[in-house]
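Residue-level listing of the chains:
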Amino acid sequence: MKYIFVTGGVVSSLGKGLTAAALGTLLENRGLKVAFQKFDPYLNVDPGTMSPFQHGEVYVLDDGAETDLDLGHYERFTNTNLTRYNNLTSGQVYQKVLDKERRGDYLGKTVQVIPHVTDEIQNRIHQIAEQSKADVLITEIGGTTGDIEGLPFLEAIREFALDAGVGNVVFLHMTYVPFIKAAGELKTKPTQQSVAKLREIGITPQILVCRCERPLNKELRQKISLFCNVAYEAVIEEIDVEHSIYEVPLMLQRERLDELVCKFLHMEAKVPDMSHWQDIIRKLIAPQHRVRIGVVGKYIELNDAYKSVYEAIIHGGIANDCGVEIEKIESEEIEKFGPDKVLKGLGGILVPGGFGERGVEGKIIAAQYAREKNLPYLGLCLGMQIATIEFARNVLGLKGAHSTEFDPNTPHPVIALLDDQKQVSQKGGTMRLGSQPCQLAMGSRAAHLYGAFLINERHRHRYEFNNAYREKFEQAGFVFSGTSPDGKLVEMIELKEHPFYIASQFHPEFKSKPNKPHPLFKGFIAACHTHIHHKPL
Ligand code: GLN
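Residues numbered from 1 in each chain as written. Predicted model: local features only at pLDDT ≥ 70, side-chain atom pairs only at ≥ 80, totals over all residues. Heavy atoms only, no water.

Asks: Where do I start with helix α3 (residues 70–77) in this structure?
Replies: Since the α-helix packs 3.6 residues into each turn, any two residues three or four apart lie on the same face. Of all 8 residues that make up α3, 8 are buried, and the element is covered over most of its length. Those residues of α3 not exposed but buried are D70, L71, G72, H73, Y74, E75, R76 and F77. (Buried < 20%, exposed > 50% of the residue type's maximum accessible area, 1.4 Å probe, protein only. Helix = DSSP H or I, 4+ residues; strand = E, 2+ residues; numbered from the N terminus.)

Asks: Is there a simple way to explain the side chain of E390 in this structure?
Replies: With respect to the secondary-structure elements, E390 resides in helix α16 (residues 382–394). A residue is classified by how much of its surface remains accessible, and E390, at 0% relative accessible area, is buried. At a separation of 2.7 Å, a polar atom in the side chain of E390 contacts the side chain of R371. Those residues in contact with E390 that lie beyond four places of it in its chain are I364, A367, Q368, R371, V395 and Y501. (Polar contact = N/O pair within 3.5 Å; in protein donor to acceptor, adjacent residues only side chain to side chain. Contact = heavy atoms within 4.5 Å.)

Asks: It is not clear to me how the environment of Q385 should be interpreted in this structure. Could you clarify?
Replies: One can find Q385 in helix α16. For Q385, a relative accessible area of 3% puts it in the buried group. On a C-alpha basis, the gap between Q385 and E464 in space is 7.5 Å, while along the polypeptide they are 79 residues apart. Each residue touching Q385, except ones within four places of it in the same chain, is listed here: E405, I415, H461, Y463, E464 and Q505. Polar side-chain contacts of Q385 include one of 3.3 Å to the backbone oxygen of Y463. Only 3.4 Å separates the side chain of Q385 from the side chain of Q505, close enough to count as a polar contact.

Asks: Explain the sheet that holds strand β13 (residues 322–330) here, please?
Replies: Sheet strands pair via backbone hydrogen bonds, and the direction of the pair is either parallel or antiparallel. Taken in spatial order, the 9 strands line up as β13-β12-β14-β15-β23-β22-β21-β18-β19 in an open sheet, and their pairing is mixed. What marks the edges here is a single partner per strand, and that holds for β13 and β19 (454–461). Averaged over all adjacent pairs, the angle separating strand axes in this sheet is 25°, with direction ignored. Seen against the sheet, helix α12 (residues 307–319) touches β12 (289–297), β13, β14 (348–351) and β15 (377–380) and runs at an angle of roughly 155° to β13. (Pairing = 2+ DSSP bridges. Axes fitted to C-alpha atoms, helices over the stretch in contact; angles between N-to-C directions.)

Asks: Would you take a moment to explain the site of the ligand for this structure?
Replies: What surrounds the ligand is the set G353, G354, F355, C381, L382, Q385, E405, R460, H461, R462, Y463 and H507. The backbone of L382 places a nitrogen or oxygen atom 3.0 Å from an oxygen atom of the ligand. R460 places a main-chain nitrogen or oxygen 2.9 Å from a nitrogen atom of the ligand. Of all the secondary structure elements, the ones that give two or more residues to the shell around the ligand are α16 and β19. Classifying every residue of the shell around the ligand by side-chain character gives 4 nonpolar, 5 polar and 3 charged. (Near = heavy atom within 4 Å. Nonpolar A, V, L, I, M, F, W, Y, C, P; charged D, E, K, R; others polar.)

Asks: Please explain the nonpolar core as it appears in this structure.
Replies: Buried together is how nonpolar side chains tend to be arranged in soluble globular proteins. Counting residues in each nonpolar core, the largest one holds 60 residues, and the members touching the most others are I4, L27, I138, I207, L216 and V261. For this core, the element with the highest residue contribution is helix α1 (residues 16–29), accounting for 7 residues. Beyond its immediate sequence surroundings of up to four residues, I4 is in contact with L23, L27, V136, L137, I138, T139, V170, V261 and L265. Core analysis: the second largest hydrophobic core is formed by 39 residues, Y369, F473, F478 and F480 among them. (Core = buried A, V, L, I, M, F, W, Y, C linked by side-chain atoms within 4.5 Å.)

Asks: Teacher, can you tell me more about the packing of aromatic side chains here?
Replies: Any aromatic ring pair is given by two values, namely how distant the centres are and how the planes are angled relative to each other. All chains considered together, the criterion is met by 19 aromatic pairs. Both rings, one in F473 and one in F478, keep their centres 4.8 Å apart while their planes meet at 65°; by these two values the pair is edge-to-face. Connected via pairs of aromatic rings, a cluster forms that spans F391, F465, F473, F478 and F480. Residue placement shows R214 over the ring face of F179; its charged tip is 3.6 Å from the ring centre. The cationic tip of R470 hangs over the ring face of F480; the distance from NZ or CZ to the ring centre is 5.7 Å. (Phe/Tyr/Trp six-rings, centres within 6.5 Å; stacked < 30°, edge-to-face > 60°. Lys NZ or Arg CZ within 6 Å of the ring centre and 35° of its normal.)

Asks: What exactly am I supposed to notice about the pairing of strand β6 (residues 136–141) here?
Replies: Look at any regular strand and the pattern is simple: side chains alternate between the two faces of the sheet. β6 sits mainly inside the fold: 6 of its 6 residues count as buried. Side chains of β6 alternate between two faces, with V136, I138 and E140 and L137, T139 and I141 buried alike. Sheet topology places strand β1 (residues 2–8) next to β6; 5 bridges connect them, and they run parallel. Opposite F5, over in β6, you have T139 as the bridge partner. In this structure, strand β2 (residues 34–40) lies alongside β6, joined through 6 bridges in parallel fashion. Bridge assignment links V34 to a residue of β6, and that residue is V136.

Asks: I would appreciate a short explanation of the side chain of H507 in the present structure.
Replies: Mapped onto the fold, H507 is located in the loop between β23 (501–504) and α19 (519–534). Looking at H507, the relative accessible area reads 8%, which means it is buried. There is a polar contact of 2.8 Å between the side chain of H507 and the side chain of E509. Once residues within four sequence positions are removed from consideration, H507 is found in contact with G353, C381, E457, R458, H459 and R460.

Asks: Would you mind going over the environment of G104 with me for this structure?
Replies: You can see G104 is positioned in the loop between α4 (90–103) and α5 (113–132). A residue is classified by how much of its surface remains accessible, and G104, at 38% relative accessible area, is partly exposed. For the pair formed by G104 and E237, sequence separation is 133 residues and the distance between their alpha carbons is 50 Å.

Asks: Where do I start with the sheet that holds strand β16 (residues 402–403) in this structure?
Replies: Overall, mixed pairing links the 3 strands, which are arranged β16-β17-β20 in an open sheet. The open sheet terminates on both sides in strands that have one partner only, identified here as β16 and β20 (463–465). As defined by bridge partners, β16 adjoins strand β17 (residues 413–417) across 2 bridges and the pair is classed as parallel. Looking across to β17, one finds that H402 is bridged to P413. In the packing of α16 onto the sheet, the strands contacted are β16, β17 and β20, and the crossing angle to β17 comes to about 150°.

Asks: Would you mind going over the environment of K2 with me for this structure?
Replies: Relative to the assigned elements, K2 resides in strand β1. The class for K2 is buried, based on a relative accessible area of 16%. Not counting chain neighbours up to four residues away, the residues in contact with K2 comprise D135, V136, L137, G167, N168, L265, H266 and M267. A polar atom in the side chain of K2 sits 3.2 Å from the backbone oxygen of G167.

Asks: Would you explain helix α11 (residues 275–285) in this entry?
Replies: Residues of α11 that are buried: W277, I280 and I281. Taken down its axis, α11 places every buried residue within 95° of arc, on the same side. For α11, the elements touching its buried residues are α1, α3, α9 (248–254) and α12. (Arc of directions from axis to C-beta.)

Function cannot be inferred from these measures alone, as they are strictly geometric.
Okay, structure coming up:
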């Protein structure tokens, strides 16, 4: 087993997760089996209870774990299988250590960060290494070198490397080489200082991946090599990508990162064939068609809040050789200025998941607009609940229809709390979570798109369609195209007399990949493209 540890310095948001994932793509294409894990130094047990503004999207795995969005990168870029054990937070480590202490497992010893916390972290590395049966395990350490919270993790990987032995571990450090306008120069000092910080705690990175806005010339590479004690060829440039994050694997391949890693880890592996990936990039850079999609949400300012949704839309574009321009629409704008103004010129509307009342009315107006104007609509989770409320109010004439999440006293609770959610008071990890089977209706558009009748998709919600209203809806042409296999829970809906009006209670975006676009997104983009083609706006 070989180990790659990815750390980051200078600033956050350098794209460590993306780089780790892209390196995984290259190693997989060399025929190696790659596993991933992410360490997050914060004290939350998982990101499930954090605001999207704080932490971006919560990425849900098949087993229902609510994890960091970097795990989304790992799944999108590779074939790796992730479970809740692939994302370890300080909160989980301390919870475990404290449980053990209370049980008396430490036999009266003083419980300390070293060795008890660091041992617990190392145990997890061993556990994932064993379970994964992979050739290489890539471990990303969240946060920035120099942060207090990150120290136990760095100490743990230092000790781990000592035991694993020479040639089995490589430390890859990501840094930032800023361009200072006034000087007209790229500056290496922050990189030197962040490497010094790592060396202070006993970690000497063998590879530096330098994020930069401009190319690193030979002199700069030599300088970084000399001052950071890293081989010249191990100073890797990762320049800002022009078009898409999916360019990163090809960029790193040009810099020979995968070759270097194999050399450090004494791994013999064939040269990767990345032609399929090049084809994806071609479609992203020079697509045959173009379309503009409106995503109506409430965390629009923050790019990371709907990460997987945006990526899945792009994948749907790749499947149709269609460039997508995503217009991020704050739903409160629709409430303020009206749909005609805000939603004009779109090829389709997507309403993603969400919690809380703010912006809900704007989303309902958007769903109505899409339904009435025959504009393609894709609703995800809350987006399905919104479509239901809109239909109840404006087609069935159920005045004041709502979800009990937003109006507990609504006269028509068309969306209501799931039975097994009624007693729940704890917040973390208590929703209906993870992969669930769904039966698709014969003759439905959903079944046609999936090319299957039984599918599995990931969930994260508390509320559901209220079955007391099923008949009324059905009579008016609202199709329940997907349900749980026992027929009790509505999982998908669609409208018969509409070019494309589909919504799901689950989150299909978590299972889409650039080389395996999700059928719902593929169908949605195809419909949006057809829509503008036949009806120029
Ligand atoms: N707030 C809704 C619920 O809990 C929708 C959740 C979501 O969109 N993920 O059911």
